Each structure stands twice: as structure tokens, then as C-alpha cells.
Amino acid sequence: MNVIRFLQRKTESSFLYDYKTVQQALRFMRSHGCREIPVVNQDGFYLGTIDEGDFLWHMIDYGGYEQVKENKIGSFVRKGNVPAVKITATDDELRNAALCSSFVPIVDDRGVFVGIVARRDIIQYLAEQIRTSPTMVTA
């Protein structure tokens, strides 16, 4: 298994910049069908992932949507909640990271976001390996 095989490059995946407002982010997520999404800064460095619950709790904490719709998402993104793996990650590192989220953020050696690997793609690959394996292990 190779990270590159599964990589959805930054240009092919959805992500948000930390300077986007709550209103802009929610509209983007709704139009793209995202429930969680990576957040990067202006230099492209991966900061963390933000999900629908983060927006909900932010609205509850600060008095509702009208009060927070102009807030920048960088002010409440949960840094490190979905750790990124390097593009040179081992198979085990990629599989373990995929257990925690529906996607794995991928960064280069500098920490710059280069794309994601969807957990679905890893599962499909592993299922295909089992299906085509000459010796199937049964429990």
C-alpha cells in the first residue's frame, strides 16, 4: 500500500482556509456535502479539521449563528484533532490514522497540506486484496 496510490491531491479535495468565516465555511460544506473538512492557513500548512459539531458548539458558546457568522474558523479549529500523516507514511501509519476519521490529511515533510486519503479507498483496496488472495484466512 502506498500513500500516493490513494492520494486525492489538494486540487481534487475539499478544504478550507483558516481566514474563512463561519458563514462561508458552512455554505461551502453544505454545497460540497462535507461533514468534516481539513483547515489550512494561508501558507498551506495543515492546522486541523473542523466538523459540524465544532460549529454547533461555537454557536452555543457565543450566542447563536447571528453572533458568530463573521468569526474566522481559524479561531476555533481543533488543532491536532485529526493528525496528518506524511506523504512518506508506512502502511501501518496510514491504516491506523484511517481508523480515527473518514479521511486522513496528508502533508509533505514541511507540514504543508498536499491532499487527503479517504478511508473508503483504503477499505476498498484491502477488500480487493482479500478477495484476490489465494489463501483466505478465516476465523
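Our structure's up above, just so we're on the same page.
Residues numbered from 1 in each chain as written. Predicted model: local features only at pLDDT ≥ 70, side-chain atom pairs only at ≥ 80, totals over all residues. Heavy atoms only, no water.

## As for the packing of helix α2 (residues 22-32) against helix α3 (residues 52-61)
Here's step 1: In contact at an axis separation of 11 Å, α2 and α3 are set at 150° when each is read in the N-to-C sense. Here α2 is positioned roughly antiparallel relative to α3, judged by the angle of their axes. Crossing handedness for the pair α2 and α3: left-handed. Contacts between α2 and α3 involve Val 22, Ala 25, Leu 26 and Met 29 from the former and Glu 52, Phe 55, His 58 and Met 59 from the latter. (Axes fitted to C-alpha atoms, helices over the stretch in contact; angles between N-to-C directions. Helix = DSSP H or I, 4+ residues; strand = E, 2+ residues; numbered from the N terminus. Parallel < 35°, antiparallel > 145°, perpendicular 65-115°, else oblique. Left-handed = near helix turned anticlockwise from the far one by under 90°. Contact = heavy atoms within 4.5 Å.)

## What to know about the side chain of Gln 23
Here's step 1: Here Gln 23 is to be found in helix α2.
Here's step 2: Accessibility expressed as a relative area gives 18% for Gln 23, which makes it buried.
Here's step 3: Once residues within four sequence positions are removed from consideration, Gln 23 is found in contact with Tyr 65, Lys 69 and Glu 70. (Buried < 20%, exposed > 50% of the residue type's maximum accessible area, 1.4 Å probe, protein only.)

## Focus on the nonpolar core
Here's step 1: The biggest cluster of nonpolar side chains holds 14 residues, and the ones touching the most others in it are Leu 16, Ile 50, Phe 55 and Ile 73.
Here's step 2: Counting only elements with at least two residues in this core, the list comes to α2, β3 (36-40) and β4 (46-51).
Here's step 3: Examining the composition of this core, we find that 3 residues originate from one element, α2, more than from any other.
Here's step 4: Val 85, Ala 89, Leu 94 and Val 104 belong to the second largest nonpolar core, which has 13 residues in total. (Core = buried A, V, L, I, M, F, W, Y, C linked by side-chain atoms within 4.5 Å.)

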